[in-house]
Amino acid sequence: MLLFSTNTNPDLTKALVRHARLKLGHLEIKNFSDGELYVRPKEKVRSKATWVIGSTMPPSDNLLKLLILINALKTAAAKKINVIIPYFGYARQDWIDQPNAPLTAKLMADLLAAAGADKILTFNLHSGQNEKFFTKPLVHLSAYPALAEYFKKMCLNNLLIFSPDQGGIHRAEQFAKIYGKKNLAGPVGYCKKYRPRPNVARISLPKGADVKNKNIVLVDDLIDTAGTLAGAAEALHRAGARAIYAAAAHGVLSGPAIARIKKSPIKEVLITDTYPMLKAKQIPKIKIISAAPVLKKSIV
Ligand code: R5P
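Predicted, not measured: the structure shown is a model, and the values here were computed from it. (Residues numbered from 1 in each chain as written. Predicted model: local features only at pLDDT ≥ 70, side-chain atom pairs only at ≥ 80, totals over all residues. Heavy atoms only, no water.)

### Considering the sheet that holds strand β10 (residues 189–190)
With parallel pairing, the six strands of this open sheet are ordered in space as β10-β9-β13-β14-β15-β16. Of all the strands in the sheet, the pair left with one neighbour each is β10 and β16 (286–289). Sheet analysis places strand β15 (residues 266–272) next to β16, joined by four bridges and oriented parallel. For Ile 271, the partnering residue across the bridge sits in β16 and is Ile 288. (Pairing = 2+ DSSP bridges. Helix = DSSP H or I, 4+ residues; strand = E, 2+ residues; numbered from the N terminus.)

### Some words on the pairing of strand β5 (residues 49–53)
For β5, the buried fraction is high: four of the five residues fall into the buried class. Bridge analysis of β5 against strand β6 (residues 80–85) gives five bridges, and the strand direction is parallel. Directly across from Ile 53, in β6, lies its bridge partner Ile 84. In this fold, β5 hands off to helix α2 (residues 61–75), which returns the chain to β6; that crossover is right-handed. (Buried < 20%, exposed > 50% of the residue type's maximum accessible area, 1.4 Å probe, protein only. Right-handed = clockwise from strand over helix to strand, strands pointing away.)

### What to know about the site of the ligand
With respect to spatial proximity, 16 residues lie near the ligand, and among them Asp 220, Asp 221, Thr 225, Ala 226 and Thr 228 are the closest. Measuring from an oxygen atom of the ligand, one finds a side-chain N or O atom of Arg 92 at 3.3 Å. At 2.8 Å, a backbone N or O of Ala 226 approaches an oxygen atom of the ligand. Here the ligand, which alone exposes 380 Å², has 91% of that area covered by the protein. Put simply, the parts of the chain that give the shell around the ligand at least two residues each are β13 (215–223) and α7 (227–238). Sorting elements by how many residues they give to the shell around the ligand places β13 first, with four residues. For the shell around the ligand, the residue count by class is three nonpolar, five polar and eight charged. (Near = heavy atom within 4 Å. Polar contact = N/O pair within 3.5 Å; in protein donor to acceptor, adjacent residues only side chain to side chain. Areas by Shrake-Rupley, 256 points an atom, 1.4 Å probe, with all protein chains shown as cover. Nonpolar A, V, L, I, M, F, W, Y, C, P; charged D, E, K, R; others polar.)

The following block contains the structure:
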């Protein structure tokens, strides 16, 4: 089977080609003089089942490259176009929180369908709400089994699984279900988050939360500026938690994220390669595991 990559996730793509029986197809990608993008598969694709891998985080050229590639495959009469979007950018704008607010999560799903995608595979969408926007079959994968496995092997005792905010409790519960009961000291806990403005998080613990001497794994879908994670870790640390770990599918790590993680009481942050990690952001506290084995199981 042929796989085409827009090159947003080079590490994951390499791992996937290794794990699954896929051949990486060649592409011609160029910009015209005015900057317009051109993407053309340099392989025979007519009547062939094809796979495409590309994330849709900024810059917008990532999205455009993906849409143009899907369109080129469609025009060339590929039999089936399966689109893997390791990190589905723009998924967080998924509800009308104020008059005239955009619904970019739906817009992205519509654009993919219009370009010619037959099936979409993606990891840990921001909310269940996102799933409703897809008109094409969606395979919603979870990186949590791979992340939970890592913590199982650590054999942490007296452990509590925590959500850094109220909105993420269901995610921490999903993670806890996968993790199992081993050494768990209680049900899933959560922090209270208040956002005075976008990208700013004020975090506290609910009254009576008992985390003294407990090991904690904070679970989230993504870490962006790490304000949520660092704030939750500080609150847990102040309340007497022992060692604090974090697990998230997507390590966006924008702006002050690395400085915040470095400064925070978090011992280790576990993320996957659904979001590319720049060398400059690699610090010993952050461990990356590949989402390729999970993805491979869906490639048949
Ligand atoms: C919020 O609902 C999300 O699950 C994440 O907690 C949030 O997007 C992380 O953002 P940041 O790292 O900037 O606090």
